Amino acid sequence: MIENQNSNKNDSASQSDFVRDIVAEDLETGKWDGRVVTRFPPEPNGYLHIGHAKSICLNFGIAAENADGICHLRFDDTNPTKEEAEYVDSITEDIRWLGFDWGEHIYYASDYFGQMYDYAVQLIKAGNAYVCDLSADQMREYRGSLTSPGADSPHRDRPVEENLDLFERMKAGEFPDGSRVLRAKIDMASPNVNLRDPIMYRILHADHHRTASEWCIYPTYDWAHGLEDSAERITHSICTLEFENHRPLYDWFLDALDVYHPQQIEFARLELTRTVMSKRKLLELVEAGLVHGWDDPRMPTLSGLRRRGYTPEAIREFCRRIGVNKHNSTVDIALLEHCLREDLNKRSPRVMGVLNPLKVVIDNYPEGQAEELEAINNPEDPSAGTRKVPFSKVLYIEREDFMEEPPKKFFRLAPGREVRLRYAYFITCTDVVKDADGEIVELHCTYDPATRGGDSPDGRKVKATLHWVSAEHSVPAEVRLYDYLLTEEAPADADDWKSNLNPDSLKVLTDCQVEPSLANAAPGSRYQFERLGYFCTDPDSTEDKLVFNRTVTLRDTWAKIQKKQKK
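Residues numbered from 1 in each chain as written. Predicted model: local features only at pLDDT ≥ 70, side-chain atom pairs only at ≥ 80, totals over all residues. Heavy atoms only, no water.

1. A word on the packing of aromatic side chains
How two aromatic rings sit relative to each other is given by the distance of their centres and the angle of their planes.
Then step 1. Across all of its chains, the model carries 22 aromatic pairs by this definition.
Then step 2. Relative to Phe548, the ring of Tyr527 has its centre 6.4 Å away and its plane inclined at 80 degrees; by these criteria the two rings are edge-to-face. In this pair, Tyr527 sits in strand β25 (residues 526-529) while Phe548 sits in strand β27 (residues 546-552), placing the two residues 21 residues apart along the sequence. Taken as a pair, Tyr527 and Phe548 share a single burial class, namely buried.
Then step 3. Centroid distance Phe529 to Phe548: 5.4 Å. Interplanar angle 65 degrees. Geometry classified as edge-to-face. Within this pair, whereas Phe529 is found in strand β25, its partner Phe548 is found in strand β27, the two being separated by 19 residues in sequence.
Then step 4. By relative accessible area, which is 0% here, Phe548 ends up buried.
Then step 5. Between Lys171 and the ring centre of Trp215, over which it is positioned, the NZ or CZ distance is 5.2 Å. (Phe/Tyr/Trp six-rings, centres within 6.5 Å; stacked < 30°, edge-to-face > 60°. Helix = DSSP H or I, 4+ residues; strand = E, 2+ residues; numbered from the N terminus. Buried < 20%, exposed > 50% of the residue type's maximum accessible area, 1.4 Å probe, protein only. Lys NZ or Arg CZ within 6 Å of the ring centre and 35° of its normal.)

2. A few points about helix α2 (residues 18-29)
Then step 1. Here α2 spans 16 Å end to end across twelve residues, near enough to the 16 Å set by a 1.5 Å rise per residue.
Then step 2. Inspection of α2 places Val19, Arg20, Val23 and Asp26 among the buried residues, and these make up the whole buried set. Within α2, the buried residues cover an arc of 120 degrees as seen down the axis, which keeps them to one side. Facing away from the buried side of α2 by more than 90 degrees, the exposed set consists of Glu25, Glu28 and Thr29.
Then step 3. Taking the backbone nitrogen of Val19 as reference, a side-chain oxygen 3.1 Å away marks Asp17 as the first, capping residue of α2.
Then step 4. Residue Gly30 follows α2 closely and has a positive phi angle near 75 degrees. (Expected span 1.5 Å × (residues − 1). Arc of directions from axis to C-beta. Polar contact = N/O pair within 3.5 Å; in protein donor to acceptor, adjacent residues only side chain to side chain.)

3. Remarks on the environment of Asn502
Then step 1. Here Asn502 shows up in the loop between β23 (475-482) and β24 (506-514).
Then step 2. The sequence separation of Asn502 and Ala256 amounts to 246 residues, and the corresponding C-alpha distance is 51 Å.
Then step 3. Residues within four places of Asn502 in sequence aside, it is in contact with Asp483, Tyr484, Leu485, Leu486 and Thr487.
Then step 4. There is a polar contact of 3.0 Å between the side chain of Asn502 and the backbone oxygen of Tyr484. (Contact = heavy atoms within 4.5 Å.)

Encoded structure:
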């Protein structure tokens, strides 16, 4: 059973791809007795990223689209040296945030350790598995290459009873790490190197996050994968494309054991420009302190995207648009941002904030007076209503909205020029005040009382509208401006990939001022700062200090790309 199933049905209702076509055909032919059971099997050795979201949306989405469909959450916890309970917790939180739930169907590879061991014994007894003493280097040498066959291990023909004894002693902890492995006896001359007597178990004296020290031998993914699917009676085992060459091994194990046999289907994983999609590399960034943890808003992790201000709806829509296919490709991150802007534009309240304040004094505005002006909360959503924004004699505008000697196409504020203040009045700059270093520190302006609300009774027009805040009423804030993690569109996958890290991926502005309606903004609240972009309240915010993260700018690169393509 999948909670939130109905809410996500619309995300994929009109989707069609080769995986869904296979599922539809199986339902029509009754191949699985009308059942649809998928699974999402993350390894708890890191945080989920946007690439995992594609698989989550596919597996949970297919289950949600079909009557009585089920998607299992299964943790592939077969490597205790890299797995932590922290990662399990983060994975469950991220999937729920994305809008999916597994109900009672949460499983762990470690649930099946005993059964897997018994199956291994069964293969040994059938002469289909043996204990091998070759070192890792020797095994590589014996394995052969893509163009030459491998050679049989000198231990390949050990008697069954000796193999059973050695395997039991491996389990009992009698041998050191790496001294022996259990291998399947298949075909060392197979053109598919995965079938050249693959390892099923290795010795590893390490505590497991669930089974503690109960086991000192651990199954490989290839051995465990199909057995877990079989035990849970999965119908469609959907994997990424790198497992295509492993499918014959998946099939061999299940056929050799004569157990329930699901269908493995492979699809292309997501690659995205301007970021890193390898958990190993993401872990490097975290451990080297190059980012501030797994949920750093520059990271492509779901927790990082959430903290930055992404919505689950935007991510699901992105996954819907990129579709599912069998060919590896790289998606422009501009498409992800386009989906995000579309969603935030519909749901985000508009507010005003000034990131780089320049003081403005309205000389002819009454001293000590303040008034409340009506501002629209969201022009895309009339039901969002309006709010009151205070206006007074002293204001702040963006420093970049004024130029003392403006070039020809600069239409914002300048000496002698009239502009509109959003929701307020027309103002005209009359004087510029500078400090001893010649830097502009203050502007003096006059306002036209007849233009309250932003329109002139005499019909005169202005060419610019500026956002602003009242100096007396505004709230100080820190704003973190995030940019892409990498400088290159598609950096080479090489040892020096960190040379492409963007040194300007984070800029912190500490002297910002925002309108007073944001004083109690809860962490995770999303807004459009008018003329600036979309922002989200960071968990670092306190009663004394507001912190906002820039989620994405207002500029839509993807829309421009599409426009050029149409031309």
